[in-house]
Amino acid sequence: MRDVKEVFSALKENLDQMMANLQDGVMLFTSDFNVVLVSASAERFIGMPRGEMLGRRPPEIFSPDSRLGTAILHAFAEHHAA
């Protein structure tokens, strides 16, 4: 079990480093639309700390008052969770 935890920890560290250095804005959502990963670029673009976005759903992050927010919220509304 210890080996599994070490491997998982190493993978998480590598993924966190990759997301921090990625120049593109990337957000990963679960099938029920909860944020599980946010790149540093997305964090800067959205203007909300990554820690505040994790576990939240799109309407808690994106404003329908902006063009981007409207487009993203519409896209999520059209694709319901399984």
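Preceding this section is the structure that the text describes.
Residues numbered from 1 in each chain as written. Predicted model: local features only at pLDDT ≥ 70, side-chain atom pairs only at ≥ 80, totals over all residues. Heavy atoms only, no water.

Can you help me understand the overall build of the chain in this one?
Across its full length, the chain carries 5 helices and 2 strands. Its C-alpha atoms put the chain at 45 × 30 × 20 Å along the principal axes. The buried share among the 82 residues of the chain stands at 22%. Excluding contacts between residues fewer than 6 apart, the proportion of contacts in the chain whose partners are at least 24 apart in sequence is 20%. (Helix = DSSP H or I, 4+ residues; strand = E, 2+ residues; numbered from the N terminus. Buried < 20%, exposed > 50% of the residue type's maximum accessible area, 1.4 Å probe, protein only. Contact = heavy atoms within 4.5 Å.)

Whenever I open this one, the nonpolar core confuses me. Can you help?
Generally speaking, soluble globular proteins have nonpolar side chains that are buried together. Listed in full, the 9 residues of the largest apolar core are Met27, Val35, Val38, Ala42, Met48, Met53, Ile61, Phe62 and Leu73. Once residues lying within four places of it in the same chain are set aside, the contact partners of Phe62 are Met27, Phe29, Ile46, Gly69, Ile72 and Leu73. (Core = buried A, V, L, I, M, F, W, Y, C linked by side-chain atoms within 4.5 Å.)

Please clarify how the pattern of salt bridges should be interpreted in this entry.
For side chains bearing opposite charge, pairing can occur when the charged atoms are close. Under the defined criterion, the tally for this structure stands at 2 salt bridges. Here Asp16 and Lys12 are joined by a salt bridge, their closest N and O atoms 2.8 Å apart. Within this pair, Asp16 and its partner Lys12 are both found in helix 1 (residues 2–21), separated by 4 residues, close to a single helical turn. (Salt bridge = Lys/Arg side-chain N within 4 Å of Asp/Glu carboxyl O.)

In this structure, what is going on with the packing of aromatic side chains? I would like to understand it.
Remark: the centre distance and the inter-plane angle together describe each pair of aromatic rings, the angle taken between the planes. A full pass over the atoms with the stated rule returns 2 aromatic pairs. For the ring pair Phe33 and Phe76, a centre distance of 5.0 Å and an interplane angle of 80° mean the geometry is edge-to-face. Of this pair, Phe33 sits in the loop between strand 1 (27–29) and strand 2 (35–38) while Phe76 sits in helix 5 (residues 67–78); the two residues are 43 residues apart in sequence, bridging distant segments of the chain. With respect to burial, Phe33 and Phe76 carry one shared label: buried. Following the ring pairs from residue to residue traces out a cluster consisting of Phe29, Phe33 and Phe76. (Phe/Tyr/Trp six-rings, centres within 6.5 Å; stacked < 30°, edge-to-face > 60°.)

What exactly am I supposed to notice about the side chain of Ser41 here?
Here Ser41 lies in helix 2 (residues 40–46). At a separation of 2.9 Å, a polar atom in the side chain of Ser41 contacts the main-chain carbonyl oxygen of Gln23. Excluding residues within four positions of it along the chain, Ser41 makes contact with Leu22, Gln23, Asp24 and Gly25. (Polar contact = N/O pair within 3.5 Å; in protein donor to acceptor, adjacent residues only side chain to side chain.)

Explain the pairing of strand 2 to me, please; I cannot follow it from the model alone.
Side chains on a regular strand alternate between the two faces of the sheet. Summarising the sheet, strand 1 and strand 2 pair through 3 bridges and their orientation is antiparallel. Opposite Met27, over in strand 2, you have Val38 as the bridge partner. The hairpin turn running from strand 1 into strand 2, its antiparallel successor, is 5 residues long, and Phe33 in that turn takes a positive phi close to 70°. (Pairing = 2+ DSSP bridges.)

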